[in-house]
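Structural overview
Letter by letter, the chains look like this.
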Amino acid sequence: MSGGKLPTKAETVVIGAGAVGCSVAYHLTELGAEDVVVVDQGPLPVTGGSSVHAPGIVFQTSPSKIQTKAAYYTSRLLSDAGVYDEVGGIEVARSEERMDFLRRRVEWATAYGLPEPQLLSPEEVTDRLPMVDESEILGGYYSPTDGRVDGIGALQWYMEQSPAAFYGETEVEDIDVAGGEVNAIETDRGRIDCERCVIATNNWGYQTGQLAGLDLPIAPVEHQYVVTEPMDELAGFDTSVGDNTTGLDVPGDRSIAEYMSEGPTLPVGRDQDHSLYFRNHGDALGMGSYNHETLSVDPEAMGTNSEQRQASVRGFSREHWERPTHRGRDKSAKRAFDELLPATEDVEYEATENGIFVFTPDGMPAVGPTAAVDGLWTGLAVWWTHSGGYGRILAEWMENGVPRLPSGPVDTGGIHVRRFGPHAGEKDYFVDRGGRRYEQVYSIVEPRWQPDDHRGLRTSPFYHRQQELGAEFYQAGGWESPQWYESNADLVDRYANRIPEQDGWQAINRSEIEAAEHLHTREQVSMFDMTTFSSIMVEGPDAEAYLQRVCSNDVAIDEGQVRYSLLLNEGGGILADVTVVRLDDERYMMTTGGGNSPGIHGGWLADHAPETVSVHVEEGAKSTIGLWGPKSRLLLQRCTDADVTNEGFPYFTAKRIYVGEVPVVALRVSYVGELGWELWAPTEYGRRLWDTLWEAGQDLDVRPMGGGALSSMRLEKGFRLWGTDIDTDANPFEAGLPFAVDMDTDFVGKDALEAARADGVDSRATPLTLDNSTDIMLSGRPVLKDGEAIGYVQAGNYGYTIGESIAYTYVPSEHAEAGTSVRIRCEGETYDATVRDEPLFDPGREKILR
């Protein structure tokens, strides 16, 4: 820990000395970074941020692989450091729905490698947590390596172990980003010139981002916690309350820091049916509650420490503890605790708080390099639970260009700070959406759940036509995308004998119409709205040389040719898969998926482009229709004078043509494995493009097709989906994409791929089909061999054409041979499955090449 005069220069400045900032600094220096400075507006180590008022409970199991992996790394790191109490964690079920959810917990933990997850009977729960009323619960989930972080102790440990310099009582007043890059931070104690800066201010994330001209969607919310007076039921446990923070400068109410520094001796507990959690603090009990209406805090008014309170703590609002104000809960926090833990009914509270922490619009962290400012990174919306892991991931990313943990590369699509749409920085939007995520944090969220607020933000030119056809819209990245169309309900009867019934969790928010659209497209012709997909224009005299450097495949192609390629990071991990189209000598069009692709992939391309190359992400600038199916050529030929025969318009080529009066760039490609084209037109022509095709295809039974059919069709064909089957945690050889790599060219990540090829491919993406079930498998469920987890489901759906349930997974190479028998555990059932060769549909490509 440092003090004294502030330095005037540093290579890296970390703003925020809480759980994330200290972890980033520790890991940066561990990886060899020098001249790292950490500043915080509060005293050290009790800064007044959420890291020092939090109870530090660590429940590691999540539906998200990266969240689970980051949590496990955190628990191992801080356990070795001696600042983690590994007392285990128990989640209780007070409803049948929650018991089903706890079975999912076991499956996720098994899939992602947490040790010894298990279900407990009510008696086994109360053996470990005697204060629980056994009659109130149906069972529990136990993770033996869960526990609690000593927040203040962990911050002290980071500061003592790292050669980074830490400075408290230093308020950042500005970030100099002249020229689009980090130059310095300005503090109330002076300026620090720097090359890199990390925003790790969590509750102040929005305000700190504003200093650099960024609208970071970080929404602070209040959260309730109480600590009881000493209880007879806990009288056998020693306590050091009163001595835990001796000698430390503690802003505000010292009792909060005192109690948070007192560790548990019993397993930490959760009652998610009522949005509650608890742990003992020596001989007292701490109880936390999400069971109240969302109490959002103005992200521009977080304030600073004072003698009266820590900056991240507000006064305890008893009405939110004693009255049911959460719209999804029928009991107040107090009543639910009184029932579950009867001994707490009449106890007094020694410490109370409405502590503040933050949520993003999708509830996941915001980590990585920012788009607008070179050298500016974020580590935000991260809890103690995951802080060690994300500090390591961010440090590896900054130092080596590859986000990873010691266990291997990690997938960053779901946590990348660039994933948010342009609208996400509007304050009302992210405060509302963040508040909704707070409300849901302990709720059972259904598969494919959709929000009901802030809808209709981004719509394609086809939107009103889709509404007329009864589209069921799903929202992603602000875009409204049809999942299926009620106008196709008649198709369900046509294909009834090929659509197996789904029930239970797998059937929620799913329609048989999706299956019918799949089968219709295989037999007739359909129109799919691809407007959410992105086109990226790359232009300039050095466009070819630049793309050759960033693309894994050879893109020195002729005008009108199309090539599938990958963008890789320095470690060979897949940043994106792209379709590259050469329009003329100095002009390329690249296409990639929607959602977070424009911000992440388009931003990466722009970051790496030389001055002689222009990169323009055309998000929303084009309206695009996927015209797919056996009759697609007949329909397209009716609408154009261009030659669309197989000889005149071969597969993986492109042409500028007119569809009716509409100028389009037509690509002979298909993401569903059928004959077809992608038709890219300027947005203002979109309505006419739809109407022209629709009217010309009525006698061909042209139908609209939604995202549900796309999902099952692409899985039958084995086409990969970035963020689901491929991401930065896999290389092309593991992902089954060697054809997208030309090792005779030089590209980012080539050295890593050469090393990987020399070492041999340890795991491979492979399709599985269920042996005797038509149930749909859900992602994150373990794939087992001889009772041991060897992988997990990346994506699952029913293959309506092949008549089998499909699951894609990565398994060790020794188990990847076709015919290998495995098992999948999903929703408490164990299914027999078999490894298959891919593609499962049309392996000879007769349909797509006709």
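Everything numeric here is computed off the predicted structure, so don't read it as measured data.

A short note on the packing of aromatic side chains
The tally for this structure, following the rule as stated, stands at 31 aromatic pairs. Between the aromatic rings of Tyr290 and Tyr442, the centroid separation amounts to 4.7 Å while the plane-to-plane angle is 55°, which identifies the pairing as tilted. With a gap of 152 residues between them, Tyr290 in the loop between strand E17 (284–289) and strand E18 (313–314) and Tyr442 in the loop between helix H12 (427–440) and helix H13 (463–468) connect regions that are remote in the sequence. Look at Tyr290 and you get buried, because its relative accessible area is 4%. For Tyr442, a relative accessible area of 5% translates into the label buried. Residue placement shows Arg522 over the ring face of Phe841; its charged tip is 3.8 Å from the ring centre.

Description of the nonpolar core
The biggest cluster of nonpolar side chains holds 52 residues, and the ones touching the most others in it are Leu78, Tyr158, Phe166, Val198, Trp384, Tyr390 and Leu394. Of all the secondary structure elements, the ones that give two or more residues to this core are helix H1 (19–30), strand E2 (36–39), helix H3 (65–80), helix H6 (151–161) and helix H11 (384–400). Apart from the residues lying within four places of it in its own chain, the contact partners of Tyr390 are Ile66, Gln67, Ala70, Pro365, Val367, Val382 and Ile415. Counting residues in hydrophobic clusters, the runner-up holds 34 residues, among them Val172, Ile199, Ala219 and Phe430.

Observations regarding the environment of His292
Note that His292 resides in the loop between E17 and E18. Each C-alpha atom of the pair His292 and Ala496 lies 46 Å from the other, and the pair is 204 residues apart in sequence. Ignoring sequence-local partners within four residues, the contact set of His292 consists of Glu222, His223, Gln224, His320, Thr325, His326 and Tyr438. Only 2.8 Å separates the side chain of His292 from the side chain of Tyr438, close enough to count as a polar contact.

Quick look at the packing of H1 against H6
Relative to each other, H1 and H6 sit at 25°, their axes nearing to 9 Å. Classed by the angle they form, the pair H1 and H6 counts as roughly parallel. As H1 runs across H6, the sense of the crossing is left-handed. Between H1 and H6, the contacting residues are Ala19, Cys22, Ser23 and Tyr26 on the first element and Leu155, Trp157, Tyr158, Met159 and Gln161 on the second. Looking at the contact of H1 with H6 residue by residue, the classes come out as 7 nonpolar, 2 polar and no charged.

Here we look at the sheet that holds strand E40 (residues 804–812)
Hydrogen bonds between backbone atoms are what pair the strands of a sheet, whose relative direction is either parallel or antiparallel. Strand order in the closed barrel formed by 6 strands is E37-E40-E39-E38-E41-E42, with antiparallel pairing between adjacent strands. Within the sheet, the average angular offset between the axes of one strand and its neighbour, ignoring direction, is 40°. Of the pairings in the sheet, the one linking strand E37 (residues 763–770) to strand E42 (residues 829–835) comprises 3 bridges and is antiparallel in character. Each residue of the ladder has a partner; that of Leu770, found in E42, is Ala833. Contacts from helix H4 (residues 96–112) reach strand E38 (782–785), strand E39 (788–799) and strand E41 (821–826), with the element oriented near 65° to E38.

Description of helix H20 (residues 707–717)
By the criterion of burial, H20 is predominantly enclosed, with 10 of the 11 residues buried. Positive phi shows up at Gly718, right after H20, with a value of about 80°.

Quick notes on the sheet that holds strand E21 (residues 376–380)
Overall, mixed pairing links the 6 strands, which are arranged E9-E2-E1-E13-E21-E20 in an open sheet. The open sheet terminates on both sides in strands that have one partner only, identified here as strand E9 (165–167) and strand E20 (366–369). Here the average twist between neighbouring strands, direction ignored, is 20°. Across 4 bridges, E20 lies against E21 in antiparallel orientation. What sits directly across from Gly368, in E21, is Thr378.

Remarks on the pattern of salt bridges
Side-chain pairs of opposite charge can arise where the charged atoms are in close proximity. Going through the model one piece at a time under the given rule, you end up with 56 salt bridges. Here Glu468 and Arg465 are joined by a salt bridge, their closest N and O atoms 3.7 Å apart. Of the two residues, Glu468 and Arg465 both sit in helix H13, 3 residues apart, roughly one turn of that helix. Among the residues examined, Glu468 registers a relative accessible area of 60% and is labelled exposed. Given a relative accessible area of 21%, Arg465 falls into the partly exposed group. When the shortest N-O distance is used, the salt bridge between Arg494 and Asp701 registers 3.3 Å. Within this pair, whereas Arg494 is found in helix H14 (residues 489–494), its partner Asp701 is found in the loop between helix H19 (686–696) and strand E36 (703–705), the two being separated by 207 residues in sequence. Using a relative accessible area of 42% as the deciding quantity, one classes Arg494 as partly exposed. Among the charged side chains, a network of salt bridges with common partners joins Arg94, Glu136, Asp271, Lys331, Arg335 and Glu339.

What about the pairing of strand E32 (residues 622–628)?
Most of E32 is tucked away: 7 of the 7 residues are buried. Because side chains alternate across E32, one face comprises the buried residues Lys622, Thr624, Gly626 and Trp628, and the other comprises Ser623, Ile625 and Leu627, equally buried. Pairing geometry for strand E26 (residues 526–529) and E32, over 4 bridges, is antiparallel. Paired with Ser526 across the strands is Trp628, a residue of E32.

Reading the values: the criteria
- Residues numbered from 1 in each chain as written.
- Predicted model: local features only at pLDDT ≥ 70, side-chain atom pairs only at ≥ 80, totals over all residues.
- Heavy atoms only, no water.
- Phe/Tyr/Trp six-rings, centres within 6.5 Å; stacked < 30°, edge-to-face > 60°.
- Helix = DSSP H or I, 4+ residues; strand = E, 2+ residues; numbered from the N terminus.
- Buried < 20%, exposed > 50% of the residue type's maximum accessible area, 1.4 Å probe, protein only.
- Lys NZ or Arg CZ within 6 Å of the ring centre and 35° of its normal.
- Core = buried A, V, L, I, M, F, W, Y, C linked by side-chain atoms within 4.5 Å.
- Contact = heavy atoms within 4.5 Å.
- Polar contact = N/O pair within 3.5 Å; in protein donor to acceptor, adjacent residues only side chain to side chain.
- Axes fitted to C-alpha atoms, helices over the stretch in contact; angles between N-to-C directions.
- Parallel < 35°, antiparallel > 145°, perpendicular 65-115°, else oblique.
- Left-handed = near helix turned anticlockwise from the far one by under 90°.
- Nonpolar A, V, L, I, M, F, W, Y, C, P; charged D, E, K, R; others polar.
- Pairing = 2+ DSSP bridges.
- Salt bridge = Lys/Arg side-chain N within 4 Å of Asp/Glu carboxyl O.

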